Amino acid sequence: MKAAVYSGPEKIQVKEVKRPGCGRGEILIKVYFCAICGTDVRIYLHGHKKVTPPHIIGHEIAGKIAELGKGVKGYQRGEHVTVVTSIGCGRCKLCREGYYNLCPDGQAIGYKYPGGFAEYLLVPKEAVAQKAVLKIPENVSLLEASIIEPLSCCINGQSYLNIKNDDNVAIFGAGPIGMMHLELARAIASKTFLIDISEEKLKFAQEHFSADYFINAQKEGLIKKILSLTDNSGVDVAIVAASAKTAQQQALKITGRKGRISFFAGLPKDDSIINFDSNLLHYQEISLFGSFASYREEYEEALELIGSRRIVAKKIITHLFPLRKIEEGIRIIREGKALKVVLQCSEEENEIKG
Ligand SMILES: [Zn+2]
Ligand SMILES: [Zn+2]
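None of the values given here were measured: they were computed from a predicted structure.

Calculation notes
Residues numbered from 1 in each chain as written. Chains lettered and ligands numbered in written order. Predicted model: local features only at pLDDT ≥ 70, side-chain atom pairs only at ≥ 80, totals over all residues. Pairing = 2+ DSSP bridges. Helix = DSSP H or I, 4+ residues; strand = E, 2+ residues; numbered from the N terminus. Core = buried A, V, L, I, M, F, W, Y, C linked by C-beta atoms within 7 Å. Buried ≥ 20, exposed ≤ 12 C-beta atoms within 10 Å, placed from the backbone. Domains from an automatic or database assignment. Contact = placed C-beta atoms within 7 Å. pLDDT = per-residue confidence, 0-100. Axes fitted to C-alpha atoms, helices over the stretch in contact; angles between N-to-C directions. Parallel < 35°, antiparallel > 145°, perpendicular 65-115°, else oblique. Left-handed = near helix turned anticlockwise from the far one by under 90°. Nonpolar A, V, L, I, M, F, W, Y, C, P; charged D, E, K, R; others polar.

Looking along a regular strand, one sees side chains alternate from face to face of the sheet. Summarising the sheet, strand 3 (residues 27-35) and strand 4 (residues 60-68) pair through 8 bridges and their orientation is antiparallel. The residue of strand 4 that forms the bridge with Ile27 is Leu68.

Given below as structure tokens:
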């Protein structure tokens, strides 16, 4: 089969590799689409502690069941599916509650296990047993299904924030994740602010999405501006979907009383210490939440939102490339010229709509 093999920082090569066999309890998926995640870009650039090269990465997968291992029940060949990335140990307290994404001994597809930048992906038996393979109904195309994973992560992030009708919500970061957060928040909140430091990204966002305000944090005095637009009370919710210390610090400053903040994006692992006035949290009763990956129910919710077109996948997906152009896809993401870039990993396909 064809696969994009990552062999170390800035080295990825599309070549023929052995197609995995499908053993007992496993499911083999023919991958039609696999979207490129910000994390894939970071792995490509710097490596990752859970990825040992040579390896196939990619975890935003949509495909069809090609083979079912012995003993697998409830699925059929040809069914359209996506896969939950996180695999838990299945025994710890978090796993027992279904939070495989937070299992301390957790593993993931596209990290420890080979991922979706290939023609075929083998779902390990642990994942199959945890119901990681999720069926895609007919009203969602496989291309649209490739953004279920990132959307489910946004749903996880917002699950902590209790966004209400009269809330003002600020989102830092006009990338694909920021735009999905905006779409989710806008459906509920009274006012939304989209903040970035790239004029180009803000311009693109303004042309294709709605927010009440698009703010360039580098050009305009952000804190003053937000205060003036919120009767001096600050925002109720701030979501940091940008991997930047400054954005985290600004979020703490623009959030008002009883506000909720999500540090959705992580910082580089060797540069993740920030300074802030903790009295901001104390006196104003601000809550600060983290968010990491997602779990199966949130994939189902994401699927539902895409199927009902409350989230329009085609607005988020700006580029579709064949697998062999993976490096070009990564490049345009780095240059800030794309929202979601999806790779088409299998060619013959006329049933796929969209
Ligand atoms: Zn992802
Ligand atoms: Zn566990």
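The biggest cluster of nonpolar side chains holds 115 residues, and the ones touching the most others in it are Phe117, Ile171 and Val240. When we break this core down by domain, the ones giving at least three residues each are domain 1 (2-149 + 294-344) and domain 2 (161-290). Apart from the residues within four sequence positions on either side, Phe117 is in contact with Ala3, Ala4, Cys34, Ile56, Ile57, Gly58, Leu323, Ile326, Leu343 and Cys345.

To continue, consider the confidence of the model for the chain. With 98% of its residues at a pLDDT of at least 70, the chain reaches an overall mean of 96. Contacts for the low-pLDDT stretch residues 350-354, under 50 throughout, to residues beyond four places or in other chains number 8 contacts.

Below, the discussion takes up the sheet that holds strand 12 (residues 213-216). Spatially, 12-11-10-13-14-15 is the arrangement adopted by the 6 strands of the open sheet, whose pairing is parallel. Looking at the sheet topology across the chains shown, the edges are occupied by strand 12 and strand 15 (287-290). Each adjacent strand pair in this sheet contributes to an overall mean axis angle of 15°, direction not counted. Looking at chain direction, strand 11 (residues 191-196) and strand 12 are connected through 4 bridges and run parallel. Considered in strand 12, the bridge of Leu194 is made with Phe214. Sheet strands touched by helix 7 (residues 199-208): strand 11 and strand 12. Its angle to strand 12, the strand with the most contacts, is close to 175°.

The geometry of helix 5 (residues 148-158) relative to helix 11 (residues 296-307) is characterised by a closest axis approach of 8 Å and an angle of 110° between their N-to-C directions. By the criterion of interaxial angle, the relationship of helix 5 to helix 11 is roughly perpendicular. At the point where helix 5 passes helix 11, the crossing takes the right-handed sense. Facing helix 5, whose interface residues are Ile148, Leu151, Ser152, Ile155 and Asn156, helix 11 presents Glu298, Tyr299, Glu301, Ala302, Leu303, Leu305 and Ile306. Counted by class, the contact of helix 5 with helix 11 contains 8 nonpolar, 2 polar and 2 charged residues.

Attention shifts here to the domain arrangement of the chain. You can read the domains of the chain as domain 1 (2-149 + 294-344) and domain 2 (161-290). In this structure, domain 1 and domain 2 have C-alpha centres spaced 28 Å apart. Residue-level contacts link 8 residues of domain 1 with 11 residues of domain 2.

Here the focus is the environment of Tyr160. For Tyr160, the location among the structural elements is in the loop between helix 5 and strand 10 (168-172). Separated by 130 residues in the primary sequence, Tyr160 and Gly290 place their C-alpha atoms 8.7 Å from one another. When residues no more than four places from it in sequence are discounted, the contact partners of Tyr160 are Ser262, Phe289 and Ser291.

Attention shifts here to helix 5. Where burial is concerned, most of helix 5 is hidden: 11 out of the 11 residues are buried. Taken together, the buried positions of helix 5 are Ile148, Glu149, Pro150, Leu151, Ser152, Cys153, Cys154, Ile155, Asn156, Gly157 and Gln158.

The amide bond that connects Pro53 to the next residue, Pro54, takes the cis arrangement and shows omega of -5°. In this structure, Ala293 takes a positive phi of about 55° despite not being glycine. Structurally, Ala293 can be placed in the loop between strand 15 and helix 11. A count of 20 C-beta atoms within 10 Å places Ala293 in the buried class.

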